[in-house]
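Structural features, examined
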Amino acid sequence: MTTTPDFLDKLTGFFQSAIASIQENVQLREDIAQLKEANTELTSKLEAISSSLSQDEQEKADTTAKLASLEQLLTEYESTSTPVAVAA
């Protein structure tokens, strides 16, 4: 048969364990909230970087197209221009 002090000790231990679990749960919830906030900030930064990279890629493509156009114009100019003889 369980004596009253043993029962009270077990009951006290159970409640102490429950309180410790609740405190740990509260701490974990706070940690999760902080991680969610950090994740949101990092997601925003990643989106900004991605947008910047997309703009850089577009500018690179535009520059490449302009360079190709200039090279084409130079080729056409060279093929249509007549050499000028220089008198010595």
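Report follows, based on the coordinates. Computed from a predicted structure; not experimentally measured.

Definitions and cut-offs
- Residue indices follow the written sequence of each chain, beginning from 1 at its first position.
- Under the rules for a predicted model, residues below a pLDDT of 70 receive no local features and side-chain atom pairs below 80 are neither given nor counted, while totals for whole chains, interfaces and linings still include all residues.
- Excluded from the side-chain calculations are hydrogens and water; all other atoms, namely the structure's heavy atoms, are used.
- Only DSSP runs of H or I with at least four residues qualify as helices, and only runs of E with at least two residues qualify as strands; both kinds are numbered from the N terminus onward.
- Burial here depends on accessible area, computed with a 1.4 Å probe over protein chains only, as a share of the maximum for the residue type. Under 20% is buried, over 50% is exposed, and the range in between is partly exposed.
- Each accessible area value is a Shrake-Rupley result obtained with a 1.4 Å probe; residue values ignore everything except the protein chains displayed when judging cover.
- For patches, a residue must show more than 30% relative accessible area and have no salt bridge; joins then use 9 Å for like charges and 5 Å for nonpolar side chains, namely Val, Leu, Ile, Met, Phe, Trp and Tyr.
- One speaks of a salt bridge when a side-chain nitrogen belonging to Lys or Arg is within 4 Å of a carboxyl oxygen belonging to Asp or Glu.
- Note on charges: Lys and Arg go in the positive column, Asp and Glu in the negative column, and His and the chain ends are not counted at all.
- The atom standing in for a charge is NZ when the residue is Lys, CZ when it is Arg, CG when it is Asp and CD when it is Glu.

1. Considering the overall build of the protein chain
A count of helical and extended segments in the protein chain gives 1 helix and 0 strands. Out of the 88 residues belonging to the protein chain, those deemed buried represent 0%. Approximately 8,300 Å² of the protein chain is accessible, and the part contributed by carbon and sulfur atoms is 61%.

2. A few points about a nonpolar patch on the surface
Taken together, Phe7, Leu8, Leu11, Phe14, Phe15 and Ile19 make up a surface patch of nonpolar side chains, about 610 Å² in accessible area. Inspection of the secondary structure assignment puts Ile19 in helix H1 (residues 4–80). Take Ile19: its relative accessible area is 49%, and that puts it in the partly exposed class.

3. Some remarks on a negative patch on the surface
Among the surface-exposed residues, Asp56, Glu57, Glu59 and Asp62 lie close enough to one another that they form a single negatively charged patch. Structurally, the position occupied by Glu57 is in helix H1.

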